[in-house]
Amino acid sequence: MLVEPRNIDQTGDDLRMSDLFYCQQTLRAKHHWPEHLPDQGPLLLLWAYGEMGEVGEIIKKKGNGAVMNNPAVRRHFVEECGDVLMYLVDMMDSYGVTPEEISEAYARKWKKNMDRTWEENRKLYEDEDE
Ligand SMILES: [Mg+2]
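Residues numbered from 1 in each chain as written. Predicted model: local features only at pLDDT ≥ 70, side-chain atom pairs only at ≥ 80, totals over all residues.

## A short note on helix α2 (residues 41–69)
Then, number 1: Here α2 contains 29 residues, and its C-alpha end-to-end distance of 36 Å is more than 12% below the 42 Å for a straight helix at 1.5 Å per residue.
Then, number 2: Along α2, the sharpest kink reaches roughly 105°, centred on glycine 63. (Helix = DSSP H or I, 4+ residues; strand = E, 2+ residues; numbered from the N terminus. Expected span 1.5 Å × (residues − 1). Bend = angle between axes of the 7 residues up to and from the residue.)

What follows is the structure in structure tokens.
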């Protein structure tokens, strides 16, 4: 279900998950791109990986300092991070994941991680440190 987002412009407003889904669904509709269906999920995920590679290339070629301090590099870096989000939202949409579902899953995982110590992970490799 499409939820009309707040006014989406380029002012840097904090977008909600439902805004991201709305943007991707209206973009697809405007350009008459095929409906997002499960068959497209793997390809959309692959494209998200591709965009992650573009993020990695900027970090690799420009370095952390430029990402943090060079406005042009930072703008490009953030833009590519946005591309990753767009394809992840498209991929979730292809499987019918709703903004509410991913929000609930995210919050549930966050709460779980807040209580985790990762002690079990440390124990896995205890013998290798000795
Ligand atoms: Mg890109």
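Next comes the rest of the write-up.
## Brief notes about unusual backbone geometry
Then, number 1: The residue histidine 32 is not glycine, and still its phi comes out positive at about 55°.
Then, number 2: Checked against the element boundaries, histidine 32 lands in the loop between α1 (17–30) and α2.
Then, number 3: On the neighbour-count criterion, histidine 32 (6 C-beta atoms within 10 Å) is exposed.
Then, number 4: In the Ramachandran plot, tryptophan 118 falls in the positive-phi region, its phi being about 65° despite a non-glycine side chain.
Then, number 5: Structurally, the position occupied by tryptophan 118 is in the loop between α4 (99–115) and α5 (119–124).
Then, number 6: Residue class for tryptophan 118 comes out exposed when judged on the 9 C-beta atoms lying within 10 Å of it. (Buried ≥ 20, exposed ≤ 12 C-beta atoms within 10 Å, placed from the backbone.)

## Focus on the environment of glycine 53
Then, number 1: By the element assignment, glycine 53 lies in helix α2.
Then, number 2: We classify glycine 53 as exposed; it has 12 C-beta atoms within 10 Å.
Then, number 3: As for glycine 53 and valine 84, which are separated by 31 residues in sequence, their C-alpha atoms are 9.4 Å apart.

## Focus on the packing of α1 against α4
Packed helices, taken two at a time, are described by the angle their axes make and the gap between the axes.
Then, number 1: Running from N to C, α1 and α4 cross one another at 145°; their axes reach a closest spacing of 9 Å. When the axes of α1 and α4 are compared, the crossing they make is right-handed. Residues Met17, Ser18 and Phe21 of α1 pack against Pro99, Ile102 and Ser103 of α4.
Then, number 2: When its residues are assigned to classes, the contact of α1 with α4 shows 4 nonpolar, 2 polar and no charged. (Axes fitted to C-alpha atoms, helices over the stretch in contact; angles between N-to-C directions. Left-handed = near helix turned anticlockwise from the far one by under 90°. Contact = placed C-beta atoms within 7 Å. Nonpolar A, V, L, I, M, F, W, Y, C, P; charged D, E, K, R; others polar.)

## Let's talk about the packing of α1 against helix α3 (residues 71–94)
Then, number 1: Closest axis-to-axis distance for the α1/α3 pair is 10 Å, and the angle between their directions is 80°. Comparing the axis directions of α1 and α3 gives the class roughly perpendicular. In this structure, α1 contributes Leu20, Phe21, Gln24 and Gln25 to the contact, and α3 contributes Leu85, Met86, Val89, Asp90 and Asp93.
Then, number 2: By residue class, the composition of the contact of α1 with α3 is 5 nonpolar, 2 polar and 2 charged. (Parallel < 35°, antiparallel > 145°, perpendicular 65-115°, else oblique.)

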